[in-house]
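# Summary of structural features
Residue strings, one per chain:
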Amino acid sequence: MKCKLCNNKAAINLRAYNTSLCKAHFLSFVEKRVTETIRKYKLLNKGDSVLVAVSGGKDSLSLWHILTKFGYAPEGLYIDLGINGYSDRSLKKVLSFAKEVKARLWVVSLKEIFGLGIKELARVLKRPYCSACGTFKRYLMNRISMERNLRVLATGHNLDDEVSSLLGNLLYWKEEYLWKKNVVLEEYEGHLAKKIKPFFLISEREIAAYAFLSGIDYIYEECPYSVGAKTLLYKEILSRIEDQSPGTKLMFLKGYLKRLKAEKEGREQGPVSYCTICNYPSWGQKCVFCSLTERLDIPYKFEYKEYDFSK
Ligand code: Q46
Ligand code: ZN
Ligand code: ZN
């Protein structure tokens, strides 16, 4: 198999694009597509201060790598969920990556704040692990970006993450979530950071290859609580469809983005009030984070650590 552009040995075959590329051409192909996504959806402007949420996995570390390469000098945020062994191993990868790119890293730990990891917190709250985790992560990411004045929050969600959750929303007609998914969510009145997903249109396989060929040292292990998650089943099914009919995932998501534009017109944007406890935006009197932490009934202090490898 040869590279379609230079005839050297191909490193990857991209059936959705009907092409094969060598290492150098594949890396620039991914970077070019990220640049196009950034430009087309107006994700970033020169001089924006960016916080990348990192888990230690291929997606988030590749994103940190690419944004650094593009000159945005992003800082990293690692949320330590207190999952036995797994959290320590992923933090180690994140710390060594931060050192390598000479960046600043913020680390917030659930165990340090509440004395409990995500599993224990979810049990006390009687919520599924991933649902509690999602709520805590969303809140912490936003609050830390606002407190650090890093007004753009970037996450490594890829095409497969997005199509599988879109399929889940459609299967159960979760209309309240359906039209909230986007490549970019704008900043809200100085309380919600602008949220961007530069890998929205890039597949998991492409990012895995990008990370591997760029020599990024990431954690291969998945979070132990992801096992059996419905999104994994959806990903598997969608990948089988993609195998039979390359390009389907991309078409599905691009079709969604087109319809999203029309759907959004005339709809009210953003939350309606501010949480009476933390003063961050909420839909009711209290935000979801504060409602949950109230139910926990554990006195806590909101704090996080800084590792500055930029000097
Ligand atoms: S939600 Fe669930 Fe993930 Fe949290 S508990 Fe693990 S699998 S990390 S994206
Ligand atoms: Zn080539
Ligand atoms: Zn609150």
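In this report, the structure presented in the accompanying data block is examined. (Residues numbered from 1 in each chain as written. Chains lettered and ligands numbered in written order. Predicted model: local features only at pLDDT ≥ 70, side-chain atom pairs only at ≥ 80, totals over all residues. Heavy atoms only, no water.)

### Some words on the overall build of the protein chain
As a reminder, the rule being used: By the criteria applied, helices consist of DSSP H or I runs no shorter than four residues and strands consist of E runs no shorter than two, each listed in order from the N terminus. It is over C-alpha atoms that the radius of gyration is taken, and the globule rule equals 2.2 Å times the number of residues to the power 0.38. Counted as positive: Lys and Arg. Counted as negative: Asp and Glu. His and the chain ends are not counted at all. Where a charge lies is defined by one atom per residue type, namely NZ (Lys), CZ (Arg), CG (Asp) and CD (Glu).
What the protein chain contains, in helices and strands, is 12 helices and 11 strands. In terms of C-alpha radius of gyration, the protein chain reaches 20 Å, essentially the compact-globule figure of 19 Å for 311 residues. Oriented by its inertia axes, the alpha-carbon framework of the protein chain measures out at about 65 × 50 × 40 Å. Taking the average place of the 51 positive charges on the side chains of the protein chain and the average place of its 35 negative ones, the gap between the two points comes to 4 Å.

### A look at the packing of aromatic side chains
The test is simple: Any pair of Phe, Tyr and Trp rings, taking the six-membered ring for Trp, is counted once the centres come within 6.5 Å. Such a pair is stacked with planes under 30 degrees apart, edge-to-face with planes over 60 apart, and tilted for the rest.
By the definition in use, this model includes 16 aromatic pairs. Aromatic side chains Tyr139 and Tyr280 sit 6.0 Å apart centroid to centroid with 70° between the ring planes, which places their arrangement in the edge-to-face category. Separated by 141 residues along the polypeptide, Tyr139 in helix α6 (residues 129–147) and Tyr280 in the loop between β9 (273–274) and β10 (281–282) bring together distant segments of the chain. Ring centres of Tyr218 and Tyr220 lie 4.7 Å apart, and the angle between their planes is 45°; this geometry places the pair in the tilted category.

### Some remarks on the coordination of the zinc ion (ligand 2)
Spelled out, the test is: Distances up to 2.8 Å from the metal define which N, O and S atoms are donors, and 3.2 Å serves for Na, K and Ca; water is absent from the atom set, so sites may look incomplete. Each label reflects the angles at the metal, where four donors whose angles all fall between 85 and 135 degrees are tetrahedral, four or six donors whose opposite pairs open beyond 155 degrees and whose other angles stay between 65 and 115 are square planar or octahedral respectively, and the rest are irregular.
At this site the zinc ion (ligand 2) is bound by Cys3 (SG), Cys6 (SG), Cys22 (SG) and His25 (ND1), with donor distances of 2.1 to 2.4 Å. What the 4 donor atoms of the zinc ion (ligand 2) show is an angle range of 101 to 114° at the metal, which sorts the shape as tetrahedral. Sequence spacing of the donor residues for the zinc ion (ligand 2), all on one chain, is C-x2-C-x15-C-x2-H.

### Notes on the coordination of the zinc ion (ligand 3)
Every protein donor of the zinc ion (ligand 3) is listed here as Cys275 (SG), Cys278 (SG), Cys287 (SG) and Cys290 (SG), and their distances to the metal cover 2.3 Å. Taken together, the 4 donor atoms surrounding the zinc ion (ligand 3) define angles of 104 to 114° at the centre, an arrangement classified as tetrahedral. If you list the donors of the zinc ion (ligand 3) from N- to C-terminus, the spacing comes out as C-x2-C-x8-C-x2-C.

### Let's talk about the pairing of strand β5 (residues 104–109)
Let me state the cut-off plainly: Only protein chains enter the accessibility calculation, which uses a 1.4 Å probe; a residue is then buried when its area is under 20% of its type maximum, exposed when over 50%, and partly exposed in between. In this analysis, strands are considered paired if DSSP registers two or more bridges between them. A crossover gets the label right-handed when its path from the first strand over the helix to the second runs clockwise, viewed with the strands pointing away from the viewer.
Buried residues dominate β5, accounting for 5 of its 6 residues. Sheet topology note: the strand β4 (residues 75–80)/β5 ladder contains 5 bridges and is parallel. Bridge pairing in β5 links Gly76 to Leu105. Tracing the backbone out of β4, into helix α3 (residues 86–100) and back to the parallel element β5 gives a crossover that is right-handed.

### Describing the packing of helix α7 (residues 159–171) against helix α10 (residues 230–244)
Filter applied, for reference: In this analysis an axis means a line fitted to C-alpha atoms, helices contributing only their contacting stretch, and an angle means the value between N-to-C directions, from 0 to 180 degrees. Orientation labels follow simple angle bins: below 35 degrees gives roughly parallel, above 145 gives roughly antiparallel, 65 to 115 gives roughly perpendicular, and whatever is left gives oblique. The contact criterion used is simple: two residues touch if any of their non-hydrogen atoms lie within 4.5 Å. All amino acids are sorted into three groups, where Ala, Val, Leu, Ile, Met, Phe, Trp, Tyr, Cys and Pro are nonpolar, Asp, Glu, Lys and Arg are charged, and the leftover types, Gly among them, are polar.
For the pair α7 and α10, interaxial distance at closest approach is 9 Å and the crossing angle is 105°. On the basis of their axis angle, the class for α7 and α10 is roughly perpendicular. Across the interface between the two elements, Asp160, Asp161, Val163, Ser164, Leu167, Gly168 and Leu171 of α7 pack against Thr231, Tyr234, Lys235, Leu238 and Ser239 of α10. Of the residues contributing to the contact of α7 with α10, the split by class is 5 nonpolar, 4 polar and 3 charged.

### A few points about the environment of Asp160
Short version of the rule: Distance and chemistry together define a polar contact, namely a pair of N or O atoms within 3.5 Å, with one atom able to donate a hydrogen and the other to accept it when in protein, and with adjacent residues in sequence counting only for side-chain atoms on both sides.
Here Asp160 shows up in helix α7. With residues up to four places along the chain from it excluded, the contact list for Asp160 reads Ser203, Glu204, Lys235, Ser239 and Lys249. At 2.6 Å, the side chain of Asp160 forms a polar contact with the side chain of Lys249.

### A look at a nonpolar patch on the surface
Keep this limit in mind: Each patch is built from salt-bridge-free residues with over 30% relative accessible area, joining like charges within 9 Å and nonpolar side chains (Val, Leu, Ile, Met, Phe, Trp, Tyr) within 5 Å. Where accessible areas are quoted, they stem from the Shrake-Rupley method and a 1.4 Å probe; at the residue level, only the protein chains shown are allowed to cover. Within this document, salt bridges are pairs made up of a side-chain nitrogen of Lys or Arg and a carboxyl oxygen of Asp or Glu, the two lying within 4 Å of each other.
A contiguous nonpolar surface patch, about 240 Å² in accessible area, is contributed by Leu233, Ile237 and Ile241. The topology assignment puts Ile241 in helix α10. Judged by relative accessible area, Ile241 falls into the partly exposed class, the value being 38%.

### Quick look at the site of ligand 1
This is how the line gets drawn: Consider each residue's heavy atoms; a residue with any of them within 4 Å of a molecule or strand counts as near.
Taken together, Leu81, Cys130, Cys133, Lys137, Cys223, Tyr225 and Ser226 make up the full set of residues adjacent to ligand 1. Looking at the shell around ligand 1 residue by residue, the classes come out as 5 nonpolar, 1 polar and 1 charged.

### Remarks on unusual backbone geometry
Leaving glycine aside, a negative phi is the common case for residues, and trans is the common case for peptide bonds. Although it is not a glycine, Asn7 sits at a positive phi angle of roughly 75°. On the secondary structure map, Asn7 appears in the segment before β1 (12–14). In this structure Asn7 comes out as exposed when scored by relative accessible area, which is 53%. Positive phi, normally seen in glycine, also occurs at Trp173, with a value near 45°. Here Trp173 lies in the loop between α7 and α8 (175–178).

Geometric descriptors of this kind do not, in isolation, establish any biological role.
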